[in-house]
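# A closer look at the structure
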Amino acid sequence: MKQEMKNLGDFPGVVENLSCCFYITQAEEPYELLYANEEMLRLFDCRDFDELYRHVDGDAFHVIAMDDRARVKQEIVHELAERNDRFDHARGHLFTRTSRIRYADVSGRIVETQAHGKVCYCTLQEIDIPLPGVTVDRDIRDYVISHLDEAIENHWIQVYYQPVIRTLTGELCGMEALARWVDPQIGFLSPASFIPVLEQVRLIHQLDAYVLEEVCHMLRQRLNHDLPITPVSFNLSRYDFDMVDVFHLVEKTRAAYQIPRDALHVEITESALAENDDAVHRAVDRLRDEGYEIWLDDFGSGYSSLNILKDYTVDLIKLDMGFLRSFTEKSRDIIRSVIDMAKELGIKTLAEGVETQEHAEFLASIGCGRQQGYYYGKPQPLVGTLAHIEAEGREIELRKWCHYYDVASMAIRETNQASSLFDLHEDGYLHYLYTNRVYREQLHALGYRCRDVEGFLNHKARPEISATFRHYVSRSLQSGSPESFCYIDGGDYIRIRLRVICEMNHHLLIHTGFENISRSDAGEQLVKLDNNLRYLYTMFENISLVDFQRDTIEPIYVHDAPTRETVHGIRRYLQSFAQEYVYEPDRQGYLDFCNPDTAVARIQKSRYSRIAHCCRVRDPHGNYHWRECVAVLLQKGLTERSGHTPLMLTAEKTIEEQVLLTESRTPEQSTLDTLLWQSLMHHTRFCYFWKDKDRRFLGATKAFLKFYGFNSEADILGKTDEEMNWHLDNDTYRLDEIALLQTGKPVENVKGTCIIRGVLRHITCYKWPLYREGEIIGLLGVFFEAEDLSSKINQSLVSPYEDPVTGLHNRQGFLGDLISYQEAYAVDQQPYALILLESCFDEQIQKTYGPSFLRALIRQEADILRTHAGKDTVISRLRHTTFAILRRETSSEDCTASEAIARDLQQRLQSIHQLDGNPVTITFRYSIVHATDPAIHKTADGNVSYIYRLASERLRHKA
């Protein structure tokens, strides 16, 4: 119903033709709009009062735009209370009915009326919009709003790209996409002239969607022409989340151009996340879960930076350029702290606003991963940006190196210890990626420069150092732990510490440090120690130095110890040594003796300032011998002065057994047959199992459980073969077992087919009855795998049915499986489903990472199928990344279950977003054919070739 304006005669003292905007509203909730003059209607682009009333939803406070409404309302209510029912100069934005934006000054007073009670007379005066640092002309604002669609359609809005540089290498590792409006009528529009306007009228989502589309189009064009690409970050406004489904927008646009997700980085400003809106949170989380990197823009510009890191998971923070603009010592300290904090949280870092070489060098020294700013290039159209990068002599970082250099950047920390990063090439060449100031200074004190060390390590001058260094690199690669060694250089004892922190693309990333221990207090003490303990070498077989503070065990003299290298992680090593070498009855006593938490106190309390322990330790031949271990403390005077934990010296030697073993020392009083049975259960390689008289499993050997992929007996106890659903033909073994339990006649050499981790296996089974006092109480059985026996006979032959990459059946094996399932359906009426899963093959993966990476990806996909397809399915790899799954069905509900399994597998495969740190984008489609499908029975014989062709045809239709 049309809303009518109240009669002006109801309001005393009002002149009809006021020259300013005038309106009347109720003075209390719901503040209904009662009257508005012609000037008011003209300002709001309304033809009559009804249009204005609907535009503001009848609420006079809705005259003010949403962003300012709460503030203006609070100001008016406060002034009315303080100034006897009057208020003046409340200012805020207005939105007209045609989405033009205005800024106005409102004043008013409360008046008592007979017809409507208390009302408020309000006057409104339009004024210029104040913007930080710039005043946007009113005509420009109107032009932007009315010409946005035209500007997008005619590409007056262009995407400019600003380079992002990898600090470690100087290579181009990304670009930021920025919108620029180049209008044929009014020329170049600054982003400050149109972005705030579009945000205020809630049209910014159109601009952001356009920029995203242009970026994806550009990336697709370059991929189509085999040109290198680099990831592009694009900006989202906080208002985008109110106007559109952000995840759907990004994913739909990306998928339309078939762009890898890691080629797009989503930049969201700190202010957008500060509100912690549920819709924003859900969209950001889903974007990240699906493989997009989330970048937090303008970090440090607001008041909620730390809260955002608490509430959201982001991949990278962009430091606000304001920190570099002032570039005082205080701002440098803040930048250091922020970068260090980000690395502790596993967040990558980028500093924008880099304008000078001083900025760039400072950021490199503190380990900021990436840099952006006019020092490296201003925003330009793509051609100009790439030409500038080429003129600067910079390369484009290849996709396969992104994670490698991210790991390297994370490893760089500001420290007062010598620190460096080496890159070991596939051909054996070593070079520095990074050295800190302390490293270079200590190297200079020894008389060397970095290029001298590179020469030593690359065999040019000191081949013995190169060989030793590479030996410990290999050890660290194998152990996954830090390694250290010492060598003498001109009379100085140098300790090298190194750790392999990344292996990728046939390269090793090695974090190293060194110290001249002969010039330290600890070094002098070790020299004295070496002179004083030489006599011990004749008395003990192994002598080690335990440093609780460094958490290391360093061999000093070694005769037959399991390790001759420095061990990092005392507790972990002791547990591992005890488990592998110490006789089980002696194990706990050994661990109690070695307990790092009590060792020092026990030695200090000991009458002779030492502790000792005897236990049995296994030698390389598997025999146990008694060994004595003695521990004493060192550096007493030094550690008392420094307050450090003392060093501990341990010495070991073999001794004669002093006490014969007695039955009283045996932990378990076990009969021989029980021990034999337990040993057989644990160690036999044969698949034994036993069942009760109802054919329910009572137990099985470890080999049986491993064969079927179970973790424990609990997975099979109390179940029958039919409930496990792992035989292609359940009747064969079911009937044999029933006959055995009824007659006692053993089952011998019965062949069958079972499903093992997605592969059909042919087995041969033997079973015997179990008797108690002459009555059959169950059965004992064992089976052998035919393929296993065959492979042992023909170990040099490769199975023609097995895929060498995944271990699944190949195409030939699949056809045999399909024939078996079809025969079971035709003869025994056992329905089944064929599921085909095919990856929309991303050639970019192989081009980027190489064939070995693609094979590893295929293996991971096969593992997902094995784990989640179900134990009653048979899985094959037909070609590339096309898999076939055969699944038995017994009812219409099973048909629905097959559909659900296919969808679940599709989602799980597509959830692979990275492999060994390298980002990937996976897209799978699937098709299903049921043996009961009417389309099959329309053919003459419903043969297997038609079933497979039908599944393939349905798959193509989904492309």
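Along each chain, the written sequence defines residue order, and numbers are assigned to residues from 1. In view of the model being predicted, local features appear only for residues whose pLDDT reaches at least 70, and side-chain atom pairs are presented and counted only at 80 or more, with totals across whole chains, interfaces and linings using the full set of residues. Where side-chain values are given, they derive from all heavy atoms of the structure, hydrogens and water being excluded.

An unreviewed UniProt entry lists the protein chain under the name Oxygen sensor protein DosP, from Mitsuokella jalaludinii.

Quick look at the overall build of the protein chain now. From N to C terminus, the protein chain includes 35 helices and 36 strands. Contacts between residues were defined by any pair of non-hydrogen atoms, one from each residue, lying within 4.5 Å. In the protein chain, 56% of the contacts between residues at least 6 apart in sequence involve partners at least 24 apart. Secondary structure elements are taken from DSSP: a helix is a run of H or I of four residues or more, a strand is a run of E of two residues or more, and numbering for both begins at the N terminus.

By this definition, two strands are paired if DSSP reports at least two bridges between them. The strand order across the open sheet formed by five strands is 27-26-30-29-28, and the pairing between neighbours is antiparallel. Either end of the sheet is taken by a strand with one partner, and the two such strands are strand 27 (697-700) and strand 28 (747-756). The average angle at which neighbouring strand axes cross in this sheet is 30°, direction not considered. By the bridge criterion, six bridges tie strand 26 (residues 687-692) to strand 30 (residues 775-785) in an arrangement that is antiparallel. Counted as the bridge partner of Cys687 is Phe783 from strand 30. For helices, the axis comes from a line fit to the C-alpha atoms of the stretch in contact; other axes are also lines fit to C-alpha atoms, and the angle between any two N-to-C directions lies between 0 and 180 degrees. This element, helix 28 (residues 730-743), spans strand 26, strand 28, strand 29 (759-772) and strand 30 of the sheet and lies at about 145° to strand 28.

Turning our eyes to something else, we now look at the packing of aromatic side chains. We call Phe, Tyr and Trp rings a pair once their centres come within 6.5 Å, taking the six-membered ring for Trp, and we label the pair stacked below 30 degrees between planes, edge-to-face above 60, and tilted otherwise. Applying the stated criterion to the full structure yields 32 aromatic pairs. Measuring from centroid to centroid gives 6.0 Å for Tyr708 and Phe783, while their planes differ by 70°, and the two rings are edge-to-face. A residue pair is termed long-range when its members are at least 10 positions apart, and Tyr708 in helix 26 (residues 702-708) and Phe783 in strand 30 qualify at 75 residues. As far as burial versus exposure is concerned, Tyr708 and Phe783 are alike and both buried. Grouping aromatic residues by their ring pairs yields a cluster made of Phe689, Phe697, Phe704, Phe707, Tyr708, Phe710 and Phe783. Placement of a positive charge over a ring is assigned whenever Lys NZ or Arg CZ falls within 6 Å of the ring centre and within 35 degrees of the normal to the ring plane. Lying across the ring of Phe697, Lys691 places its NZ or CZ 4.6 Å from the centre. Partly exposed residues are those whose accessible area sits between 20% and 50% of the maximum for their type, while under 20% is buried and over 50% is exposed, using a 1.4 Å probe and protein chains only.

Here we take up unusual backbone geometry. Cis geometry marks the peptide bond from Glu29 to Pro30; its omega dihedral reads 5°. Of note, Pro30 is situated in the loop between strand 1 (21-26) and strand 2 (33-36). One non-glycine residue, His155, lies in the positive phi region at around 60°. Secondary-structure assignment places His155 in the loop between helix 4 (138-153) and strand 6 (157-166).

Counting 79 residues, the largest nonpolar core has Ile157, Tyr161, Trp181, Val215, Leu264, Ile268 and Ile317 as the members making the most contacts within it. No other element matches helix 6 (residues 204-224), which puts ten residues into this core. The residues touching Ile157, leaving out its near neighbours within four places in the chain, are Leu148, Ala151, Ile152, Ala179, Arg180, Trp181, Leu207 and Tyr210. One finds Leu41, Phe44, Val56 and Ala90 within the second-largest nonpolar core, a separate group that totals 31 residues. Here, nonpolar core means buried Ala, Val, Leu, Ile, Met, Phe, Trp, Tyr and Cys residues that are tied together by side-chain atoms lying within 4.5 Å of each other.

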